[in-house]
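Residue-level listing of the chains:
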Amino acid sequence: MAMHIGQAPGFSQMLSDGARYYSGLDETVVRSIEAVRELTRIVSTSYGPKGLNKMVVTHLGKMFITNDAATIIKELENEHPAVKLIIMASEMQEREIGDGTNFVLVFAGALLDQAEELLRMGISVPEITDGYELALGKALEFLDEVVCGTVTNVHDREQVQRAIKASITSKQNGTDEFLSKLITDACIALLPEKGKTFSVDNVRVIKIMGSGILASHVMNGMVFKRDIEGDVKKAADAKIAVYSCAVDINQTETKGTVLIKSAEELLQYSNREEDLLEKQIKAIAESGVKVVVSGGKMGDLALHFINKYKLLAVRLMSKFDIRRVANTVGAIVLSTLVPPTADVQGHCDLVYLDEIGDTSVVVFKQEKKEGAISTIVLRGATENSMDDVERAIDDGVNNFKAITKDNRLLPGAGATEVELSRLLTQYADTRPGLEQYAIKKFGAALDTFPKILAENAGVKAVEVLAKLHAAHLEGMKNIGFNIEEDAEAAIDAEKAGILDLYLTKASALRLAVGAAITLLRVNKIVMAKQAGGPKPPKQGAQDEDD
Amino acid sequence: MAPAPIFLAFASGDNDVRGKQLVISNINACQIVADAVRTTLGPRGMDKMMVDSNGKAVISNDGATIMKLLDVVHPAGKMLVDIAKSQDAEVGDGTTSVVLFAAEFLKQVKNFIEEGVHPQVIIKSFRKATELAVEKIKELAIKVRKDDVAGLRSVLERCASTTLSSKLLSANRDFFSKMAVDAVMVLDELLPLDMIGIKKITGGNLEDSLLVSGVAFKKAFSYAGFQMQPKHFKNPLISILNIELELKSEKENAEIRVENVEEYQKIVDAEWQILYDKLQSIHDSGAKVVLSKLPIGDVATQWFADRDMFCAGRIPIDDLKRIQKSCGGSMQTSAQKLTKEVLGTCGDFEERQVGGERYNFFTECPLTKACTLVLRGGTEQFIDEMERSLHDAIMIVRRALKHDAVVAGGGAIEMELSKYLRDFARTIPGKQQLIISAYARALECIPRQLCDNAGFDSTNILNELRQKHAQGAKWFGINVFTEGIADNYAACIWEPSLVKINALTAASEACCQILSVDELIKHSKGGNEYEAPDALPGRGRGRPG
């Protein structure tokens, strides 16, 4: 009997049940582009100073009100693979630079939009991607020409504030002046000598409800929302011992029982235990320490002796906080309750209990000019507004870090994009192949930014764009869109102090183009059926800031 | 447009609203939330009764309390709850005003939004207006001279009295404002709120409430032998302990192994001995009154009774802290080495009957950095509301003491700010003019609501007020008691300027945020279950739109 060979099954039949399969330009690229368009539609209205906020309510009922693209997309719970790709690029930007996430999303979206038109014209995918890559290389070259200034001295408040202000303006329009000053103060206060890197983690933000944003201030040192354990509430010019262990009677880890053989032993047992603890705490006090910080619990008995020897005791719950305090005061964290020697003791000019609003806070304040950690005490009327300002501060601090890496500045307000677009269009004309079209579209994609800025401000985008291009053609390469009303639509961004960082823009361009090209090159999508059951809980960082 | 439901999360289909519609629907939601507290404002405001799911009734006219109990789920409505809380935290009073301000600001700009004014323009103008208003308040505010003790006191009393006039205690406000000021004056310079204890005893008359400049707390649970103890001392030494005075195992994980009966008896004796040693050491220190956070057993109670000492166990830690603050001494966790230095003292200790309860009073204390308010009143709800009212009054006194500037209440400051901003608006061109005028108009919501709640003709009274303010009488406000207008500064209706500054800042911040939202993205609850993902988004077939 001849073996019966059935017809080869279709590709989709080879896949397990529930798997989905898409192929061909229409089903993959074009659809992906549409999905991405949905995403950019949401975030592009948040772009720029006149961008509006989004309210995101997670399934846990937590509410975010923000125009920070990184936060919005994080909470979007997106499922679409193409969109995921773009989001990943944006997340990369968040990690690398910490700002400009919206730029990546919008630009990648714009590139894809333009690519769709090219596809319709009949240009093949490789031609588009080649063109885009070429354009990117050129754009990065041109970017050097567009540079309009540098931050010559990162210790100079004025220069730094000027450089980071635009980034804050696009998030907290109205309080930008005040916030950028806060950030500048906080960052410069702890900028180390040359040769050392600036760590973003050293600018802390503590949010205390009440009053308004304008009541926020910077403090050199640390602030914790905690109470002081003991009776001593203030210590000036104090030596500090930091323990990661509990300050209490030692407990054995192994299960053990104390064996008592006679009545005398029983009588003396607790006395001896008390004496032992007293001796330990006395030794700490005698080493000159006035403040004890502990990561574990402070027993009643220990507290009794702490009060007796007039020590100020602070208990911190997070081991990250312990590390930061140790950093601030220059102490070494001790893991057992031993009296600290001089070299592991820290020093703080003032430790005290304060009341901000009706929240008790413990303040570790350093008087000296350069500290290890500075804290921005953020006030605000609602939790959401404080959260959003905190995000703006984060971005500002990240910008500062970027400045310490690369101090070149670009004109903002869409000026850079228009200039690049102009140069690229010129360049495209010199290319003989079909990639010419792609390069031109790349330029058109860059024009999206001034357009969005204008649209968000409620101004006719096309007119603005025309005006800007005309100005740039005349060689005024710093002309950008003026967001303020009742004024000329065109403004010299450099003179107006609207500046972007070179590093942010260069990285954003690279990431956006990378993501767009990857998406374009896809021609088949296979999605396996999602495994059932609840998703495993996300492994979040122990500390909300890490 | 139908108002968005506020007590439900989202009606279906609400998710698709975006842009202008969303802003307007949020504004509407805020109006509804504000309506819940609107009628509580002012001396003629009415209280609200709320019954929670356990059937517990709360009667209150405190904005923050009502907002908290409302359990608002609407995201925009929640912001109003937030600002009420923030006002409560920062100032302690004016929680209703802040909600009303926010709602009114939004209401006034609703038209502009509908007409297509860009929210950012409104936000910018609001920030500007708030800045101007706050500066104006600072300029108008009248400084209190701290060195003038009698003057300061009268100012504080008036501030407290203004707050109380809009609360349950309105009729007795002179009595209670004195009490609140007395209580705050006792405190040290940090003015810690927890050093004012508030005890509630049902029964008796409102005016039977008293301020103990010292500490009072309810008699603790006691064992046999307690009756024998003396209940009244002059200048006793007080020992504050954190020790259990009872027979107990010395160490949780200790084990005793004995070989014979004699040895066993010795161990039993030793346990008693440990307790007696502790008691003896306390007695030897000279203490007459023994207070402990932990229980004091019957053996100890009788032992102390034999030696004419008073003891009380299981005293709440807050009370003990107050004792420490007013009588001195420090809490001891070990009975070893009890010395005289760690003991506190007071001039007079007595156990007295108050209403149906026995209370321990510690008065004439040497440090007196703490005090206790003993509140009396008919029903539990009534006393609870009394406590909240007094809390507000105390907070106001504290704030007035810290930031020593006051303005006239009763709508006077709002009218003056409104006039100032209106005048200012006329000097600027552009859309800002309209919006700042709207802001100015919104400020009038407080005097208007005061009138409405009192049943006056608000239009009439507001017109009179506007006229007065235009003529330069900057402190004219509503006099609720004569149904007319009066110089409220002369009438001593004063509020700390901080209350108004914070209320305006918080309200405008919340408004700006509500206005700035143009899209709502909401995930359904319980999203961690597996749901078959729909087909890829996008309408397919490669054609946009």
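Scoring rules and cut-offs
Residues numbered from 1 in each chain as written. Chains lettered and ligands numbered in written order. Predicted model: local features only at pLDDT ≥ 70, side-chain atom pairs only at ≥ 80, totals over all residues. Heavy atoms only, no water. UniProt positions renumbered as here; feature names shortened; annotations may be inferred. Helix = DSSP H or I, 4+ residues; strand = E, 2+ residues; numbered from the N terminus. Buried < 20%, exposed > 50% of the residue type's maximum accessible area, 1.4 Å probe, protein only. Contact = heavy atoms within 4.5 Å. Areas by Shrake-Rupley, 256 points an atom, 1.4 Å probe, with all protein chains shown as cover. Salt bridge = Lys/Arg side-chain N within 4 Å of Asp/Glu carboxyl O. Polar contact = N/O pair within 3.5 Å; in protein donor to acceptor, adjacent residues only side chain to side chain. Nonpolar A, V, L, I, M, F, W, Y, C, P; charged D, E, K, R; others polar. Pairing = 2+ DSSP bridges. Core = buried A, V, L, I, M, F, W, Y, C linked by side-chain atoms within 4.5 Å. Domains from an automatic or database assignment. Axes fitted to C-alpha atoms, helices over the stretch in contact; angles between N-to-C directions. Phe/Tyr/Trp six-rings, centres within 6.5 Å; stacked < 30°, edge-to-face > 60°. Lys NZ or Arg CZ within 6 Å of the ring centre and 35° of its normal.

- An unreviewed UniProt entry lists chain B under the name T-complex protein 1 subunit eta, from Hypsibius exemplaris.
- Word for word, the UniProt comment on chain B under Subcellular location (unreviewed entry) is "Cytoplasm".
- The Sequence similarities (unreviewed entry) comment attached to chain B in UniProt states, word for word, "Belongs to the TCP-1 chaperonin family."

- Going by an unreviewed UniProt entry, chain A carries the name T-complex protein 1 subunit theta and comes from Hypsibius exemplaris.
- For chain A, the Sequence similarities (unreviewed entry) comment in UniProt is given as "Belongs to the TCP-1 chaperonin family."
- Recorded under Function (unreviewed entry), the UniProt text for chain A is reproduced unchanged: "Molecular chaperone; assists the folding of proteins upon ATP hydrolysis. Known to play a role, in vitro, in the folding of actin and tubulin. Required for correct subcellular localization of pgl-1."

## Looking at the overall build of chain A
Now for step 1: The number of helices and strands found in chain A is 18 helices and 18 strands.
Now for step 2: For chain A, with 546 residues in total, the buried portion stands at 56%.
Now for step 3: Counting only contacts in chain A whose residues sit at least 6 apart along the sequence, the fraction spanning at least 24 positions is 76%.
Now for step 4: Taken as a whole, chain A presents about 23,900 Å² of accessible surface, with 52% of it coming from carbon and sulfur.

## Here we look at the interface of chain A and chain B
Now for step 1: Opposite the 87 residues of chain A that make contact, chain B presents 80 residues.
Now for step 2: One salt bridge connects A:Lys54 with B:Asp518, and the closest N-O pair in it is separated by 2.4 Å.
Now for step 3: Across the contact surface, chain A and chain B share 10 residue pairs in polar contact (both at pLDDT 80 or more).
Now for step 4: Partitioning the side of chain A that touches chain B into residue classes produces 29 nonpolar, 29 polar and 29 charged.
Now for step 5: Examined bridge by bridge, strand β2 (residues 53-57) of chain A and strand β20 (residues 517-522) of chain B share five bridges and lie parallel to one another. Of the residues in β20(B), the one forming a bridge with A:Val57 is B:Lys522.

## What to know about the nonpolar core
Now for step 1: In terms of nonpolar packing, the biggest core is built from 90 residues, with B:Met67, B:Phe101, B:Phe105, B:Ile122, B:Phe126, B:Leu504 and B:Leu515 touching the most fellow members.
Now for step 2: Counting residues per element, this core draws most heavily on helix α4 (residues 95-115) of chain B, at 11 residues.
Now for step 3: The residues touching B:Leu504, leaving out its near neighbours within four places in the chain, are B:Phe101, B:Phe105, B:Thr130, B:Ala133, B:Ile137, B:Leu417, B:Tyr439 and B:Leu443.
Now for step 4: With 79 residues, the next largest nonpolar core counts A:Phe103, A:Ile439, A:Leu446 and A:Ile483 among its residues.

## As for the side chain of B:Glu519
Now for step 1: The residue B:Glu519 is located in strand β20 in this model.
Now for step 2: The residues touching B:Glu519, leaving out its near neighbours within four places in the chain, are A:Arg41, A:Ile42, A:Asn53, A:Lys54, A:Met55, B:Arg18 and B:Leu22.

## Re the domain arrangement of chain B
Now for step 1: Domain annotation of chain B identifies domain 1 (17-143 + 408-520) and domain 2 (216-252 + 260-367).
Now for step 2: For domain 1 of chain B and domain 2 of chain B, the distance between their C-alpha centroids amounts to 53 Å.

## Focus: the sheet that holds β2(A)
Now for step 1: Taken together, the three strands give an open sheet; going across it, the order is β3(A)-β2(A)-β20(B), and neighbouring strands pair in mixed fashion. The strands lining the two open edges of the sheet, one partner per strand, are β3 (63-66) of chain A together with β20 of chain B. Each neighbouring strand pair of the sheet contributes to a mean axis angle of 15°, computed without reference to strand direction.
Now for step 2: Note that β2(A) and β3(A) share four bridges and pair antiparallel. Bridging across to β3(A), A:Val57 finds its partner in A:Met63.
Now for step 3: On top of the sheet, helix α12 (residues 383-405) of chain A reaches β2 and β3 of chain A; it is set at about 55° to β3(A), its chief contact.
Now for step 4: Relative to β20(B), helix α1 (residues 20-38) of chain B is tilted by about 85°, and along the sheet it contacts β2 of chain A together with β20 of chain B.

## Brief notes about the domain arrangement of chain A
Now for step 1: Domain boundaries assigned for chain A yield domain 1 (11-149 + 411-527) and domain 2 (218-380).
Now for step 2: Taking only C-alpha atoms into account, the centre of domain 1 of chain A sits 52 Å from that of domain 2 of chain A.

## What about the sheet that holds strand β14 (residues 408-411) of chain A?
All names here are of chain A.
Now for step 1: Read across the open sheet, the three strands follow the order β4-β14-β17; overall the sheet is antiparallel. Two strands lie at the open edges of the sheet, namely β4 (149-150) and β17 (499-501), each paired on one side alone.
Now for step 2: The sheet contact formed by β4 and β14 spans two bridges and is antiparallel. Residue Thr 150 lies in a different strand from β14, and its bridge partner there is Arg 408.

## With respect to the packing of aromatic side chains
Now for step 1: Across all of its chains, the model carries 22 aromatic pairs over all chains by this definition.
Now for step 2: Both rings, one in A:Tyr47 and one in A:Phe449, keep their centres 5.3 Å apart while their planes meet at 55°; by these two values the pair is tilted. Here A:Tyr47, found in the loop between α2 (24-44) and β2, pairs with A:Phe449, found in helix α15 (residues 448-456); they are 402 residues apart in sequence, far enough to count as distant.
Now for step 3: A:Tyr47 sits in the buried class, given a relative accessible area of 15%.
Now for step 4: Aromatic side chains A:Phe103 and A:Phe107 sit 6.0 Å apart centroid to centroid with 35° between the ring planes, which places their arrangement in the tilted category. Linking A:Phe103 with A:Phe107, this pair stays in helix α5 (residues 101-121), spanning four residues, or about one helical turn. A:Phe107 carries the same exposure label as A:Phe103, and that label is buried.
Now for step 5: The structure contains a cluster of three or more aromatic residues connected by ring pairs, namely A:Tyr47, A:Phe103, A:Phe107, A:Tyr132, A:Phe442 and A:Phe449.
Now for step 6: The cationic tip of A:Arg408 hangs over the ring face of A:Tyr502; the distance from NZ or CZ to the ring centre is 3.8 Å.
Now for step 7: Its guanidinium or amino end placed over the ring of B:Trp494, B:Arg158 lies 5.4 Å from that ring's centre, counting from NZ or CZ.

## Remarks on the pattern of salt bridges
Now for step 1: All told, the structure shown has 39 salt bridges over all chains when counted by the stated rule.
Now for step 2: Between B:Glu495 and B:Lys500 there is a salt bridge; the shortest N-O distance is 3.7 Å.
Now for step 3: What you see here is one network of salt bridges that share partners, running through A:Arg37, A:Asp113, A:Glu116 and A:Arg120.

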